[in-house]
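In case you want the letters, here they are:
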Amino acid sequence: MDIKELHSKQQTFFNSNKTKDVSFRIEQLKKFRKLIKENESELYKAIFEDFGKSEFETYASELSLINHEINLFIKNLKRWSKPKRVATGLANFPAKSYIIPEPLGVTLVIGAWNYPYQLSILPTISSIAAGNTVIIKPSELPSKTSAVMAKIINASFPEEFIHVVEGGVAISTELLSHRFDKIFFTGSIPVGKIIYQAAAKHLSPVVLELGGKSPTFVLSDCDIKMTAKRIVWAKFFNAGQTCVAPDYILVEKSIEQKFIETLSAKIEEFYKAKGDINENYVRIININNFDRLEKLIDTDKVCFGGEIDKENRFISPTILKNVSFDDEIMQDEIFGPILPILSFTNLDEVIAKVKQRPKPLSCYIYSKNRKTISKILHEVSFGGGAVNDSVMHLSNSNLPFGGVGLSGIGSYHGKFGFDTFSHFKSILDKPLWFEANIKYPPYSKNKLKLLKMLLK
Ligand code: NAD
């Protein structure tokens, strides 16, 4: 596929105004929903072949969110896309004012590999719901899921409206040489900077959904059993290859030992119930990531797990203790099934340490003390998070999902996704039957007095 031609076809199609019709958009969303349903087993098969992900996890973390968002858009699109009346003010009496949501144009979605369907399709749904055309560039790493998305989507939608382009850096770079009306990127911070630079050449607006090291505070008054259960699930789901996974634990020294024992018991229960790590546990995406993660396991600090099998790209759920902020594992996002535990005695000191680092995508607080919870929420900046839970905030479409600082720019999910892919056109609409005449020359002292009164 010639990228230049594809881009130009999408521009022409957008300019035909067809996508501006709300019933067209709803029809396309329904078509998308049907497509996902009809091809469900093929989608499961591809992702299993790419990294051993079970049907349960694929449905829970990918398809369910896609279905939910499509249904939400179908239900609300008419309302969301209507012009919204706002107050006008005396200076423009008797005009009315309204805001018209309008689509941006040709958009580009570049996806990451860890939730390959969700991260490419959710932004696409928001974009078409808002009335744009979309070129999707999924991650090339899970090659089977990339191929299945291209096959299914390209066979069902005309290329001038939605088209999947497969490939890696070269194709991404080529796409970025064109001007898009919005670039929606999910991926790492270093590549995010490359995308931002390429977009700046065309003054293209961007959403950057990036990563970072998400801290998890575990306070001595927490419910240890429930805390361990929720953290183990959130950390080892997708083998830790989740942008909002708890990256590291900050636990109060007084409960550290008990907490580690409870975490370990939970891992045994979830993943080793049948004596060995069972099929519920995902493999590492590729050898590069496997090698990177292997180097991060400081064997002197392993207090649980640490089993690896290179041939199968397997790393068991691993806990490291006595970790300090200076350790190698604390320098970059882990993005794998290794959980470092850092203990603390002084909350202010540990908050200060967190604040010296880039603002994370997420943060989690496990405590029963509302004052402590409020203190951390007030003092630490992060994209989004949860109190006494982890990861699940992203499943609520009423919450904007996105980072802050180095963890990202912009947000989506639900109405926030619609807004992200829309321009809000401001209109002042004035009748002809009245004219105040104050603004017109010749100016006078009396006019100025009146103006000051009106424009207060
Ligand atoms: P990545 O940055 O390596 O790749 C993301 C996409 O960018 C891929 O489609 C890839 O082909 C493309 N790409 C890579 N190098 C490029 C270049 N030089 N020029 C242009 N395009 C390029 O990220 P990844 O390994 O796929 O994903 C892991 C990262 O994504 C982690 O940091 C994780 O935290 C983050 N992530 C964030 C979210 C979120 O919603 N905020 C979700 C999932 C993953």
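It should be emphasised that the depicted structure is a prediction, and the values quoted were computed from it without experimental measurement.

Calculation criteria
One numbering rule holds for all chains: residues counted from 1, following each sequence as written. Per-residue local features are limited, in this predicted model, to residues with pLDDT of at least 70; the limit for side-chain atom pairs, both in listing and counting, is 80 or more; totals at the level of whole chains, interfaces and linings are taken over all residues. Only hydrogens and water are removed before side-chain values are computed, so all heavy atoms of the structure are retained for them. Residues qualify for a patch when their relative accessible area is over 30% and they have no salt bridge, like charges being joined within 9 Å and the nonpolar side chains of Val, Leu, Ile, Met, Phe, Trp and Tyr within 5 Å. Each accessible area is a Shrake-Rupley estimate made with a 1.4 Å probe; only the visible protein chains count as cover when residues are assessed. Salt bridge, as used here: a side-chain nitrogen of Lys or Arg that lies within 4 Å of a carboxyl oxygen of Asp or Glu. Strands here mean DSSP runs of E at least two residues long; helices mean DSSP runs of H or I at least four residues long; both are numbered from the N terminus. Per-residue accessibility, obtained with a 1.4 Å probe over protein chains only, is compared with the maximum for each type, and a residue is labelled buried under 20%, exposed over 50%, and partly exposed between these values. What makes a residue near a molecule or strand is one non-hydrogen atom of that residue sitting within 4 Å of it. Any pair of N or O atoms that falls within 3.5 Å is considered a polar contact. Within protein, one atom must be able to donate a hydrogen and the other to accept it, and sequence-neighbouring residues count only if both atoms are side-chain atoms. For this scheme, ten residues count as nonpolar: Ala, Val, Leu, Ile, Met, Phe, Trp, Tyr, Cys and Pro. Four count as charged, namely Asp, Glu, Lys and Arg, and the remainder, Gly too, count as polar. Domain start and stop points were drawn from an automatic or database domain assignment. Accessible-area loss on putting two parts together, using a 1.4 Å probe and summing over both, is the definition of buried area adopted here. Strand pairing is assigned whenever DSSP identifies at least 2 bridges connecting the two strands. Should any heavy atoms of two residues lie within 4.5 Å, those residues are counted as being in contact. Axis geometry follows a simple rule: fit a line to the C-alpha atoms, using only the stretch in contact for helices, then measure angles between N-to-C directions, giving values from 0 to 180 degrees. Only the six-membered ring of Trp is used, alongside the rings of Phe and Tyr, when aromatic pairs are assigned; centres must lie within 6.5 Å, and planes under 30 degrees apart are stacked while those over 60 apart are edge-to-face, with the rest tilted. Note on charges: Lys and Arg go in the positive column, Asp and Glu in the negative column, and His and the chain ends are not counted at all. Think of each charge as sitting on NZ of Lys, CZ of Arg, CG of Asp or CD of Glu.

1. With respect to a nonpolar patch on the surface
Link 1 in the chain: Nonpolar side chains collect at one region of the surface, where Leu90, Phe93, Trp433 and Phe434 lie side by side and expose about 490 Å² of accessible area between them.
Link 2 in the chain: Mapped onto the fold, Phe434 is located in the loop between strand S18 (422–429) and helix H15 (445–454).
Link 3 in the chain: The class for Phe434 is partly exposed, based on a relative accessible area of 36%.

2. Observations concerning the site of the ligand
Link 1 in the chain: Around the ligand, 26 residues are found, and the nearest of them are Gly111, Glu140, Ser188, Leu210 and Glu333.
Link 2 in the chain: At a separation of 3.5 Å, a nitrogen atom of the ligand approaches a polar backbone atom of Glu209.
Link 3 in the chain: Contacts to the ligand include Glu333, whose side-chain N or O atom sits 2.5 Å from an oxygen atom.
Link 4 in the chain: Its free accessible area being 850 Å², the ligand has 89% of it covered by the protein chains.
Link 5 in the chain: When contributions to the shell around the ligand are tallied by element, the ones reaching two or more residues are helix H7 (169–176), strand S6 (182–186) and helix H8 (189–202).
Link 6 in the chain: Residues belonging to the shell around the ligand are distributed by class as follows: 14 nonpolar, eight polar and four charged.
Link 7 in the chain: In this structure, the shell around the ligand is formed jointly by two domains, domain 1 (3–210 + 407–424) and domain 2 (215–399), each of which donates at least three residues.

3. Here's the deal with the domain arrangement of the protein chain
Link 1 in the chain: Along its sequence, the protein chain is carved into domain 1 (3–210 + 407–424) and domain 2 (215–399).
Link 2 in the chain: Computed over C-alpha atoms, the centres of domain 1 and domain 2 are 31 Å apart.
Link 3 in the chain: Taking both sides of the interface into account, the surface hidden between domain 1 and domain 2 amounts to around 1,800 Å²; carbon and sulfur atoms contribute 56%.
Link 4 in the chain: If you sort the residues of domain 1 by the area they bury against domain 2, Phe51, Glu57 and Trp113 come out on top, with a joint share of 29%.
Link 5 in the chain: Our enumeration of links across domain 1 and domain 2 arrives at zero salt bridges.

4. Examining unusual backbone geometry
Link 1 in the chain: Each neighbour pair has its own omega, and for Phe93 with Pro94 the value is 5 degrees, a cis peptide bond.
Link 2 in the chain: On the secondary structure map, Pro94 appears in the loop between strand S1 (84–86) and strand S2 (96–103).
Link 3 in the chain: Cis peptide bonds are those with omega within 30 degrees of zero, and the linkage from Pro441 to Pro442 qualifies with -5 degrees.
Link 4 in the chain: Of note in this structure, Asn238 is not a glycine but carries a positive phi near 60 degrees.
Link 5 in the chain: Structurally, Asn238 can be placed in the loop between helix H9 (224–236) and strand S9 (248–252).
Link 6 in the chain: Assessed through its relative accessible area of 0%, Asn238 is described here as buried.

5. Section: the sheet that holds strand S5 (residues 162–164)
Link 1 in the chain: If you walk across this open sheet you meet the six strands as S5-S4-S3-S6-S7-S17, and the pairing is mixed. The open sheet has two edge strands, S5 and strand S17 (408–409), and neither has a second partner.
Link 2 in the chain: When S6 meets strand S7 (residues 206–209), the two strands line up parallel, connected through four bridges. Of the residues in S7, the one forming a bridge with Ile183 is Val206.
Link 3 in the chain: Running over the sheet, helix H1 (residues 3–15) touches strand S3 (106–110), strand S4 (133–137) and S5 and is turned about 155 degrees from S4.

6. Focus on the packing of aromatic side chains
Link 1 in the chain: Applying the stated rule across the entire model yields 19 aromatic pairs.
Link 2 in the chain: Look at Phe73 and Trp80: their rings are 5.6 Å apart centre to centre, the planes differ by 85 degrees, and that puts the pair in the edge-to-face class. The two residues Phe73 and Trp80 agree in class, both being buried.
Link 3 in the chain: With 4.9 Å between their ring centres and 50 degrees between their planes, Trp233 and Phe237 make a pair best called tilted.
Link 4 in the chain: Here Trp233 falls in the partly exposed class, since its relative accessible area comes to 29%.
Link 5 in the chain: Given a relative accessible area of 9%, Phe237 falls into the buried group.
Link 6 in the chain: Taken together, Phe13, Phe24, Phe32, Phe157 and Phe161 form an aromatic cluster joined through their ring pairs.

7. Notes on the sheet that holds strand S14 (residues 338–344)
Link 1 in the chain: Read from one edge of the open sheet, seven strands run S10-S13-S14-S9-S8-S15-S16, paired in mixed fashion. In this open sheet, the two strands that pair with only one neighbour each are strand S10 (302–304) and strand S16 (384–387). On average, adjacent strands in this sheet sit at an angle of 25 degrees to one another, irrespective of strand direction.
Link 2 in the chain: Pairing of S9 with S14, which is carried by four bridges, proceeds in the parallel orientation. By the bridge assignment, Glu252 is partnered in S14 with Phe344.
Link 3 in the chain: Each of strand S8 (215–218), S9 and S14 is contacted by helix H12 (residues 347–355), which is oriented at about 175 degrees to S8, the strand it contacts most.

8. Some words on a positive patch on the surface
Link 1 in the chain: A cluster of basic side chains, namely Lys30, Arg33, Lys75, Lys78, Arg79 and Lys82, defines a positive patch on the protein surface.
Link 2 in the chain: For the positive patch, the secondary structure elements donating two or more residues are helix H2 (22–38) and helix H4 (55–80).
Link 3 in the chain: The element best represented in the positive patch is H4, accounting for three residues.
Link 4 in the chain: For Arg33, the location among the structural elements is in helix H2.

9. Details of the side chain of Thr372
Link 1 in the chain: Tracing the backbone through its elements, the reader meets Thr372 in helix H13 (residues 370–379).
Link 2 in the chain: Classification of Thr372 by relative accessible area gives buried; the value is 15%.
Link 3 in the chain: Thr372 has contacts with Leu219, Leu347 and Ser367, leaving out every residue within four places of it along the chain.

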